[in-house]
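Architecture and fold: a report
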Amino acid sequence: MSTPALEIKQVSKVFIKKERAKRFLNKKKEKVVALSGISMSVSRREIFGVLGPNGSGKSTLIRLLSTLLLPDSGTIHIFGHDVEKEEFAVKRLINRVSVDAAFFKKFSPLENLAYAARLYGMPIRQAREKMRKIMLRLGLKEETFTSPMENMSRGMQQKVAVARGFLTSPTLLLLDEPTTGLDPYSKRDVQAFVREIREAHRATILLTTHDMEEADRLCDRIAIIDEGKIIALDTPQGLKRSVSRRNGQDATLEDVFIELTGKKMEEKEQDK
Amino acid sequence: MKEMRVAYAFIERNINLIKRYWGWEVVWLIYSLVNSLAVTYIGAGMEKITGQTLDTQYLITYLLVGTLIWSYLSVIFYSISEMIAWERWEGTIEYTFMAPVSRATHLVGTTLFAIIYGILRTLVILIIVASFFNLDLAGANLPGAVLLLLAGSVSFVGLGIVAAVLPLLYPERGAQMTNAAAAILLLISGVYYPVETLPAWLQVVSSASPATYVIKGMRGCLLHGQSTRSLLSIVFILIAAGTAVIMVGLFIFGRVERYAKRTGRLKRSG
Ligand SMILES: Nc1ncnc2c1ncn2[C@@H]1O[C@H](COP(=O)(O)OP(=O)(O)OP(=O)(O)O)[C@@H](O)[C@H]1O
Ligand SMILES: [Mg+2]
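First, a word on scope: everything that follows refers to the structure included in this document. Treat the numbers as computed from the prediction; the structure is a model and nothing was measured.

Here the focus is the interface of chain A and chain B. Contact residues are listed per partner, giving 40 residues for chain A and 37 residues for chain B. Linking chain A with chain B are eight salt bridges, by the criterion used here. Between B:R262 and A:E84 there is a salt bridge, and its shortest N-O distance comes to 3.5 Å. For the interface between chain A and chain B, the tally reads 16 residue pairs in polar contact (both at pLDDT 80 or more).

Below, the structure is given as structure tokens:
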């Protein structure tokens, strides 16, 4: 068996929040457990979804995979490379698209993408051609390519962010809510493109989203996390089946999400 | 070869930043220019201030050398220390830190840009300020001065790296802290007066600033025509010390980057 695209073992991450207390010198340190004991494995060419309520640790997980955060404990291997010890080998294989489309706002999309292409050591002429192709494919108009990013709508900026992620042809693509803020057509464009690069580039994709339909449509398997723990992991069909069996009627992925993460909410309500 | 291509990313980025924020650039250039002029006029007015006959020409050149060298060195310092600050402001820091680029390559690109930019900017200021005064550089050793300036750049690159750490540690205030650091260097390095004027304890501190040696040597070259051969030992020390500061700077940077990744300080939002 070949090494999996992604292998996560017992990964935990805690953030320390410094609460400035009213009284001087009495800084309270509050711990936020973002992830606790996450283990999972994603095989090559899989589209793997991570769902969970706000603040459940999805983005933290993606940052750990993209070497932007270091785990407190546990190990992460990407195509057999340890994220901490073989940082550069990992960096060459991955790219990430996140919700916040962060760019040099006075630069044009082409300038921003050229910066990214150079950072990844791509020959620039080839990269320029590819940028145009991807942006056109995502439905951006040619005339927006050269005007400053700050003049674009949020959704358009998000598409440039998606283009930046695809540009370097990563073998593992980390998508953190890539379609948030996109209209239904654009969402479909991005979704079709995700499938396409899986076929064409044999890429593996890890995706977080709050769009249940999108997850259902795209993902081969889905992990649902809540408060930093995986509470379910199965194919979309498997997840739906398990919930509908309990309720005796056909369940959508949204039902699954609410059923699995909602119980906790009720418990929390009762605690209060 | 590939590394150079990657390093060019930072050069091109900085050129684009200048193009896009040209208004800001013009304001800053005017600020430096007026600053240099004002300082040099102190020399021009010294006879009137003291009511004594002085070698005004010498004073003017003395101050002009100080202000120009300082302008050059501080551009190097700021350009390098801002390599992180810009990415913070724009929010692109996570993307740059995620790319397969070593901090050394990052630095090479930033440094090449800083030196070329610093030289061009200083030349512009020199040409304009020189047109206000009649300068006498007849006996000056210009090649020696250039050599000294380049050797001095090395240590300022190193200091810039150390300062670049601040925005990594303090997302909000980091960039302002570098201003304070630059101001201290200005005070102790004998830019506008001989360091011997300072209190004894500050003189001790001043001997640790590379700018002290650069400026002293520059005055030797430009005012007294000091020979290049006699400068070689200073040049050597500047390069050696500069290389050491760069090494230490990169080491500190690496540690702080790791710390930032442990505590989640690279993140802005999302
Ligand atoms: N850099 C950081 N510093 C401090 N706390 C953080 C940091 N990043 C995340 N957290 C905390 O960790 C927890 C998990 O956050 P995370 O961003 O991973 O959630 P998420 O599942 O992506 O949420 P959302 O659906 O809203 O995007 C939250 O409580 C958050 O406040
Ligand atoms: Mg998130």
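Here the narrative resumes, following the displayed structure.
Residue and element names in this part refer to chain B. Between helix α7 (residues 142-169) and helix α11 (residues 228-263), the shortest axis-to-axis distance is 8 Å and the interhelical angle comes to 15°. Here α11 runs roughly parallel to α7, going by the angle between their axes. For the crossing formed where α7 meets α11, the hand is left-handed. Class assignment of the residues belonging to the contact of α7 with α11 gives a composition of 26 nonpolar, eight polar and one charged.

What follows covers the nonpolar core. One finds A:M131, A:M135, B:L168, B:M218 and B:F253 to be the most contacted residues of the largest nonpolar core, which totals 112 residues. Sequence-distant contacts of A:M135, defined by excluding residues within four places in its chain, comprise A:P109, A:L110, A:L113, A:L140, A:F145, A:V160 and A:A163. In this structure, A:F48, A:L69, A:F79 and A:V90 belong to the second largest nonpolar core, which totals 28 residues.

Attention shifts here to the site of ligand 1. Taken together, 15 residues sit near ligand 1, with A:G55, A:K58, A:S59, A:T60 and B:G264 positioned nearest. Looking at the residues close to ligand 1, they fall on chains A and B. Between ligand 1 and A:G57 there is a distance of 3.0 Å, counted from an oxygen atom to a backbone nitrogen or oxygen. A:E177 is positioned such that a nitrogen or oxygen atom in its side chain is 3.2 Å from an oxygen atom of ligand 1.

Moving on, we get to the pairing of strand β4 (residues 73-78) of chain A. Residues and elements named next belong to chain A. Judged from the two bridges that link them, β4 and strand β5 (residues 81-82) form a sheet pairing that is antiparallel. Opposite I78, over in β5, you have H81 as the bridge partner. The turn linking β4 back onto β5 is made up of two residues, and F79 within it adopts a positive phi angle of 45°.

Let us now look at the packing of α7(B) against helix α10 (residues 210-224) of chain B. For any two helices packed against each other, the geometry comes down to the angle between their axes and how far apart the axes lie. Residues and elements named next belong to chain B. In contact at an axis separation of 9 Å, α7 and α10 are set at 170° when each is read in the N-to-C sense. Here α7 lies roughly antiparallel to α10, going by the angle between them. In this structure, α7 uses L142, G144, A145, L148, L149, G152, S155, F156 and L159 to contact α10, whose residues at the interface are P210, A211, V214, G217, M218, C221 and L222. The residue inventory of the contact of α7 with α10, partitioned by class, reads 12 nonpolar, four polar and no charged.

The rules behind these values
- Counting from 1, residues in each chain are numbered in the order their sequence is written.
- Lettering of chains starts at A and numbering of ligands starts at 1, both following the order in which they are written.
- With pLDDT at 70 or above as the cut-off, local features in this predicted model cover only qualifying residues; side-chain atom pairs require 80 or more to be listed or tallied, and sums for whole chains, interfaces and linings still use all residues.
- Side-chain measures were taken over the full set of non-hydrogen atoms in the model, leaving aside hydrogen atoms and water.
- Should any heavy atoms of two residues lie within 4.5 Å, those residues are considered in contact.
- Between Lys or Arg on one side and Asp or Glu on the other, a salt bridge is scored when a side-chain nitrogen of the former is within 4 Å of a carboxyl oxygen of the latter.
- As used in this structure description, the phrase polar contact means that two N or O atoms lie within 3.5 Å; if the pair is within protein, one of them must be able to donate a hydrogen and the other to accept it, and residues adjacent in sequence are counted only when both atoms belong to side chains.
- Structural elements are reduced to axes, namely lines fitted to C-alpha atoms, with helices fitted over the stretch in contact, and the angle between N-to-C directions of any two is expressed from 0 to 180 degrees.
- Elements are defined by DSSP. Helices are runs of H or I of four residues or more, strands are runs of E of two residues or more, and each kind is numbered from the N terminus.
- Oblique is the label for any angle not under 35 degrees, not over 145, and not in the 65 to 115 range, which are roughly parallel, roughly antiparallel and roughly perpendicular in turn.
- Handedness of each helix crossing follows the sense of rotation of the near helix against the far helix: counterclockwise by less than a right angle gives left-handed, clockwise gives right-handed.
- As a working rule, the residues Ala, Val, Leu, Ile, Met, Phe, Trp, Tyr, Cys and Pro are called nonpolar, Asp, Glu, Lys and Arg charged, and the rest polar, with Gly in that last group.
- In plain words, nonpolar cores are sets of buried Ala, Val, Leu, Ile, Met, Phe, Trp, Tyr and Cys residues tied together by side-chain atoms within 4.5 Å.
- Buried residues are those whose accessible area, probed at 1.4 Å on protein chains only, stays under 20% of the maximum for their type, while exposed residues exceed 50% and partly exposed ones sit between those limits.
- Any residue with a heavy atom lying within 4 Å of a molecule or strand is counted as near it.
- Pairs of strands are assigned from DSSP output, requiring at least two bridges between the strands.

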